[in-house]
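One letter stands for each residue in the lines below.
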Amino acid sequence: MVVEKAAMILTVPTPKRESNTLVQRLERFLDRGGRAPRLVVVHRLDRETSGLLVFARDRRTGEGLMAQFREHSPERVYHALVRGHLSRDEGTFDTHLVTGKSLTRYSTRQPDTGERAITHFRVEARLDDASLVAARLETGRRNQIRAHFAEAGHPVLGDQRYRAAAARHPRWPHARLALHAGSLAFRHPVTHELLRFETPLPREFLAFLRGGAKPGKA
């Protein structure tokens, strides 16, 4: 089951036991005669991020999908509005991420203590003081895109965890992150057919792009 998550909705409950998360909404939607199926969570998006997610409707299918994600074989492309202009039109961040005391992720020079995180990026538009980028994940670590762009000096707009002061922008008053999972492709775990899903940019992104000074292709 592939769905588009809206921003500001949790994918799954936290230890606080929230009752209106995405997985709970989907289970209620699928409820038949009071016997709602228990969906298998394959991967997640941050609460403030929107975009595509896949869930499995049975354990066997879930195990097949999760195996693909462990092998980093699904194709995942995110769109992000980041502060400033990157020095290159395209490139790759390749670091090892560790987790700090506040659960913030950061790169370390000691690769044996962290998880390798690889993000390929391409600049899609340059505005007056921000850029629209496409980020393709080769690995899928928590907060990977947010940490990589913040460390490069170009935090995702609206990010309150990574370089929060620099991530504030007068034309981005939203509580959500300017981060959207726009494309998802994986193999069907039974037929092995390649399945690809895409969803357009959210309206907040489009409004921001219209308000920029002469956006254009990088």
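The shown structure was predicted, so the numbers you read here are calculated from the model rather than taken from an experiment.

(A) The arrangement of the packing of aromatic side chains in detail. Here the structure, examined in full by the defined rule, presents 6 aromatic pairs. Centroid distance phenylalanine 121 to phenylalanine 149: 5.9 Å. Interplanar angle 65°. Geometry classified as edge-to-face. A residue pair is termed long-range when its members are at least 10 positions apart, and phenylalanine 121 in strand S7 (residues 115-126) and phenylalanine 149 in helix H3 (residues 144-151) qualify at 28 residues. Judged by its relative accessible area of 0%, phenylalanine 149 is buried. Of the aromatic side chains, those joined through ring pairs into one cluster are Phe93, Phe121 and Phe149. When the ring centre of phenylalanine 208 is taken as reference, the NZ or CZ atom of arginine 171 above it lies at 4.1 Å.

(B) Inspection of the nonpolar core at higher detail. Ranked by internal contacts, the top residues of the largest apolar core, which has 38 residues, are Phe55, Leu81 and Phe149. Contributing elements (two or more residues each) for this core: helix H1 (22-29), strand S3 (50-56), strand S4 (75-83), S7, strand S8 (130-137), H3, strand S9 (179-187) and helix H5 (203-211). In contact with phenylalanine 55, not counting residues within four places along its chain, are Met1, Val3, Thr11, Leu22, Val23, Leu26, Leu39, Val40, Val41 and Val42. Val40, Val42, Leu52 and Leu184 belong to the second largest nonpolar core, which has 10 residues in total.

(C) Region of the structure containing the environment of valine 82. Relative to the assigned elements, valine 82 resides in strand S4. Linking valine 82 and valine 133, residues 51 residues apart in sequence, is a C-alpha distance of 7.4 Å. Leave out the neighbours within four places in its chain, and valine 82 touches Ala130, Ser131, Val133, Phe149, His154, Pro155, Val156 and Leu157.

(D) Representation of the pattern of salt bridges. As enumerated under the stated definition, the model contains 11 salt bridges in all. Notably, a salt bridge pairs glutamate 75 with arginine 196, separated by 2.9 Å at the nearest N-O pair. Highlighted residues: glutamate 75 in strand S4 and arginine 196 in strand S10 (residues 194-198), separated in sequence by 121 residues. The exposure class of glutamate 75 is partly exposed, given its relative accessible area of 30%.

(E) Representation of the confidence of the model for the protein chain within the structure. Mean pLDDT over the protein chain: 92, with 95% of residues reaching 70 or higher. Predicted confidence for residues 214-218 stays below pLDDT 50, and this span has 12 contacts to residues more than four positions away or in other chains.

(F) The side chain of histidine 120, seen in detail. In this fold, histidine 120 is placed in strand S7. Among the polar contacts listed, one links the side chain of histidine 120 to the side chain of threonine 92, at a separation of 2.7 Å. If we ignore the near neighbours within four places in the chain, the residues touching histidine 120 are Gly91, Thr92, Ala134, Ala135, Arg136 and Glu138.

Cut-offs used in this document
Residues numbered from 1 in each chain as written. Predicted model: local features only at pLDDT ≥ 70, side-chain atom pairs only at ≥ 80, totals over all residues. Heavy atoms only, no water. Phe/Tyr/Trp six-rings, centres within 6.5 Å; stacked < 30°, edge-to-face > 60°. Helix = DSSP H or I, 4+ residues; strand = E, 2+ residues; numbered from the N terminus. Buried < 20%, exposed > 50% of the residue type's maximum accessible area, 1.4 Å probe, protein only. Lys NZ or Arg CZ within 6 Å of the ring centre and 35° of its normal. Core = buried A, V, L, I, M, F, W, Y, C linked by side-chain atoms within 4.5 Å. Contact = heavy atoms within 4.5 Å. Salt bridge = Lys/Arg side-chain N within 4 Å of Asp/Glu carboxyl O. pLDDT = per-residue confidence, 0-100. Polar contact = N/O pair within 3.5 Å; in protein donor to acceptor, adjacent residues only side chain to side chain.

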